[in-house]
Amino acid sequence: MTFQEQVVATLIGTSGGFIGSLLLFWIKQYAEKRSKEKTLVRNLRYEIEYNIHLLKGYETQLTECIEAVGADGKQAYLSIDYSFIARHFSLQFYREGLISKFLHPEDMKRWNGFLSTLGEGTQAHVQDILEKWRKSEVEKEDVFIALKHERDQVKYAREMSEYLKQKIKP
């Protein structure tokens with residue numbers, strides 16, 4: 001074998017090894033990315049299911065509170081706490097850029113809307129107006145308006161969560 005043949009053989013062997021290594025690297029990266037994506041989607045669906053369960057409970061509490069106020073039950077209380085609504089995997093889903101893969105921009109807008117609507121401020125407002133009604137500082141109609149609005153917001157969030165869960169599938 002001549003020197004040139006050795007150089008060509010070495011070059012072909014080295015190039016083949018390099019290309020093979022790159023191919024293995026890309027395959028490994030793709031497999032890891034796909035696995036991470038599947039795990040994130042699974043975790044997000046679990047988070048959404050948790051939120052649906054929580055929102056159903058809040059919706060029930062608000063309905064019971066509306067009924068108690070309607071019956072002039074001054075012992076009506078609410079124990080809703082929106083800080084329990086899980087957002088960790090939702091935020092990670094956004095950061096990873098997966099949202100556009102599963103949702104239409106209008107769905108994203110509605111998702112952001114209800115996540116930002118259910119906050120400590122709205123929860124505090126409803127609990128405050130209920131407390132003022134118990135102290136006879138506001139009219140019953142004002143309490144009804146606040147409670148029904150809050151129940152509608154929670155119901156919308158639950159329905160939207162159920163819709164999103166159907167759209168986001170592994």
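Calculation criteria
Residues numbered from 1 in each chain as written. Predicted model: local features only at pLDDT ≥ 70, side-chain atom pairs only at ≥ 80, totals over all residues. Heavy atoms only, no water. Salt bridge = Lys/Arg side-chain N within 4 Å of Asp/Glu carboxyl O. Helix = DSSP H or I, 4+ residues; strand = E, 2+ residues; numbered from the N terminus. Buried < 20%, exposed > 50% of the residue type's maximum accessible area, 1.4 Å probe, protein only. Contact = heavy atoms within 4.5 Å. Core = buried A, V, L, I, M, F, W, Y, C linked by side-chain atoms within 4.5 Å.

1. Examining the pattern of salt bridges
Once the charged atoms of two side chains with opposite charge are near each other, the side chains can pair.
Reasoning step 1: As enumerated under the stated definition, the model contains 13 salt bridges in all.
Reasoning step 2: As a salt-bridge pair, glutamate 32 and lysine 28 come within 3.5 Å of each other at their nearest N and O atoms. Placement of both glutamate 32 and lysine 28 in helix H1 (residues 3–70) is noted, with a separation of 4 residues, approximately one turn of the helix.
Reasoning step 3: Take lysine 28: its relative accessible area is 49%, and that puts it in the partly exposed class.
Reasoning step 4: Across the pair arginine 134 and glutamate 131 runs a salt bridge whose closest N-O atoms are separated by 2.4 Å. Of this pair, arginine 134 and glutamate 131 both sit in helix H5 (residues 120–134), 3 residues apart, which is roughly one turn of the helix.
Reasoning step 5: Residue glutamate 131 is classed as partly exposed on the basis of its relative accessible area, which comes to 29%.
Reasoning step 6: Within the structure, one salt-bridge network assembled from shared partners comprises Arg34, Glu37 and Lys101.

2. Focus: the side chain of glutamate 37
Reasoning step 1: Considering the arrangement of structural elements, one finds glutamate 37 in helix H1.
Reasoning step 2: Taking the relative accessible area as the measure of exposure, glutamate 37 reaches 9% and is therefore buried.
Reasoning step 3: Glutamate 37 has contacts with Leu98, Lys101 and Phe102, leaving out every residue within four places of it along the chain.

3. Observations regarding the nonpolar core
Reasoning step 1: Counting 39 residues, the largest nonpolar core has Val69, Leu78, Phe93, Trp111, Leu130, Leu147 and Ile168 as its most contacted members.
Reasoning step 2: Residue assignment for this core shows that the elements contributing at least two residues are H1, helix H3 (99–102), helix H4 (105–117), H5 and helix H6 (140–167).
Reasoning step 3: Looking at this core element by element, the count peaks at 12 residues for H1.
Reasoning step 4: Excluding residues that lie within four positions of it along the chain, valine 69 makes contacts with Ala76, Leu130, Trp133, Lys140, Val143, Phe144 and Leu147.

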